[in-house]
Amino acid sequence: MQALVLVGGKGTRLRPLTTEIPKPILTLVDRPFLSYMIEWLGSHGVDEVVLACGFLPDQLEEVLGDGEPGGPSVRYLVEPEPLGTGGAIRFALPELEERFFALNGDVLTDLDLSALWDSHLDRGARASLGLYPVEDPTGYGLVDLADDGRVLDFHEKPEPGHAGAGLINAGTYVLEKSAFDGVPEGREVSIEREIFPGLVGNGLYGVRLDGYWVDIGTPDRYLDASWDIIEGRVTTEVETDPSGVHVDPGATISGEATIGPRAVVASGCTIGPGAEVTGSVLLDGCEIGKDAVVSNSILSAGVNVAAGANVSDRVLGKQESVNA
Ligand code: GDD
Ligand code: MG
């Protein structure tokens, strides 16, 4: 089985974390974000992952290569220019089988993809959407479903006040190539705004899927996703810890420092005596001085926090320094 993963977005809401590192390979707990998606796809029988890149994937290729031994193979397709979610899939069609998974590449999830595939076959659908219940659908695609699973309406980014809790598009699809009949090549097309609304009544189905799902596009959600992984609320291969702490063996931590509840300390970090790190993620090689306090923050690689300094509710870019 093949999966096409859309990774062409810019990740602007996670800056400065994503100023130098594309969101798909930003470290989440102990591995590049996209590794979770590749593992999850592999666990549902996918053996080839095609990454649809809107711009040069050099850094992605360097980190993810052609996949892990025993997992799905990984390859890269680069659009001549970003073509939008639908245009990117249209561009990739010559590389794909008649039926394939397509996914937004910015979600952390363990939803039951196999159930989506089975329902797609049972219903003879052209496109099947995995759906997830949320309290506020305004930042998502809102889907109205008939009892038999037909999509009655697909409404991308409904206005505030438009609706209360509802089922949203989780960015997980099973698609037939025929869903793209009549879609022109080479221009920007949004699958959510053009293709799905056009398929309503014409083979578009939705399935509510159980499990964990989050779009990690903001700093708060990035932090929450980290604790959800470490505390085991989402199924991953990361070792779990009930206090939400993950310390790399390559970090050096003073016996008199306090780490957690909730903290990620990556390799090469140094934490001085009396320092406190809670609710925070420290990427590679951060230095936290004596008696410094870091709370509810994300520190990019090589950040230096001086002795006695206080960092609270911050997102710091690569190698920034904070003085006391
Ligand atoms: N290759 C490529 N080319 N990928 C793209 C492009 C493009 O031009 N534009 C966006 N993408 C990728 C992004 O990197 C991301 O992984 C995915 O497509 C979705 O784009 P976002 O920009 O993150 O969309 P969104 O989060 O506002 O909304 C989408 O996701 C929601 C769920 O998180 C929609 O699909 C909503 O309907 C959905 O509810
Ligand atoms: Mg998104």
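Computed from a predicted structure; not experimentally measured.

(A) Here's a closer look at the overall build of the protein. Each helix and strand counted, the protein has six helices and 27 strands in total. Computed over the C-alpha atoms, the radius of gyration of the protein is 21 Å, within 12% of the 20 Å expected from 2.2 N^0.38 for a compact globule of 324 residues. In the protein, buried positions account for 53% of the 324 residues. Considering only residue pairs separated by 6 or more positions, the protein has 54% of its internal contacts joining residues 24 or more positions apart. Once the 22 positive and 51 negative side-chain charges of the protein are each reduced to a mean point, those two points are 5 Å apart.

(B) Expanded view of the sheet that holds strand β22 (residues 293-295). With parallel pairing, four strands are arranged side by side in an open sheet as β16-β19-β22-β25. Strands with a single pairing partner mark the edges of an open sheet, and in this sheet they are β16 (258-259) and β25 (310-312).

(C) Just the site of ligand 1, in detail. Neighbouring residues of ligand 1: 25 residues in total, closest Glu 79, Gly 84, Glu 156, Asn 169 and Glu 192. Contact distances for ligand 1 include 3.3 Å between an oxygen atom and a backbone N or O atom of Leu 83. Glu 192 places a polar side-chain atom, nitrogen or oxygen, 2.5 Å from an oxygen atom of ligand 1. Of all the cavities here, the one that holds ligand 1 is the largest pocket. Listing elements by their share of the shell around ligand 1, those giving two or more residues are β4 (48-53), α3 (84-92), β11 (166-176) and β13 (213-215). Counting residues per element, the shell around ligand 1 draws most heavily on α3, at three residues. The class makeup of the residues in the shell around ligand 1 is ten nonpolar, nine polar and six charged.

(D) View of the side chain of Asp 228. With respect to the helices, strands and loops of the structure, Asp 228 is situated in helix α6 (residues 219-230). Those residues in contact with Asp 228 that sit more than four places away from it in its chain are Tyr 212, Arg 233 and Val 234.

(E) Quick look at the domain arrangement of the protein. We note that the domain assignment places domain 1 (2-219) and domain 2 (241-322) within the protein. Put simply, the middle of domain 1 and the middle of domain 2, counted by C-alpha atoms, are 33 Å apart. With eight residues of domain 1 in contact, the opposing surface of domain 2 contributes ten residues. Buried area between domain 1 and domain 2, both sides added, is near 790 Å², and the carbon and sulfur share of it is 74%. Taken as a group, Pro 16, Leu 17 and Val 29 account for 56% of the area that domain 1 buries against domain 2, more than any other trio of residues on that side. For the pair domain 1 and domain 2, the interface holds one salt bridge. Lys 318 is paired through a salt bridge with Glu 20; the nearest N and O atoms lie 3.8 Å apart. In this structure, the connection of domain 1 to domain 2 is made through zero residue pairs in polar contact (both at pLDDT 80 or more). Of the residues in the side of domain 1 that touches domain 2, the class split is five nonpolar, one polar and two charged.

Rules behind the numbers
- Residues numbered from 1 in each chain as written.
- Chains lettered and ligands numbered in written order.
- Predicted model: local features only at pLDDT ≥ 70, side-chain atom pairs only at ≥ 80, totals over all residues.
- Heavy atoms only, no water.
- Helix = DSSP H or I, 4+ residues; strand = E, 2+ residues; numbered from the N terminus.
- Rg over C-alpha atoms; globule rule 2.2 N^0.38 Å.
- Buried < 20%, exposed > 50% of the residue type's maximum accessible area, 1.4 Å probe, protein only.
- Contact = heavy atoms within 4.5 Å.
- Lys, Arg positive; Asp, Glu negative; His and termini not counted.
- Charge placed at Lys NZ, Arg CZ, Asp CG, Glu CD.
- Pairing = 2+ DSSP bridges.
- Near = heavy atom within 4 Å.
- Polar contact = N/O pair within 3.5 Å; in protein donor to acceptor, adjacent residues only side chain to side chain.
- 1 Å grid on protein atoms, 1.4 Å probe; cavity = no way out; pocket = protein on both sides within 12 Å on 5 of 7 lines; lining within 4 Å.
- Sits in = over half its atoms within 2 Å of the grid points.
- Nonpolar A, V, L, I, M, F, W, Y, C, P; charged D, E, K, R; others polar.
- Domains from an automatic or database assignment.
- Buried area = accessible area lost by both parts, 1.4 Å probe.
- Salt bridge = Lys/Arg side-chain N within 4 Å of Asp/Glu carboxyl O.

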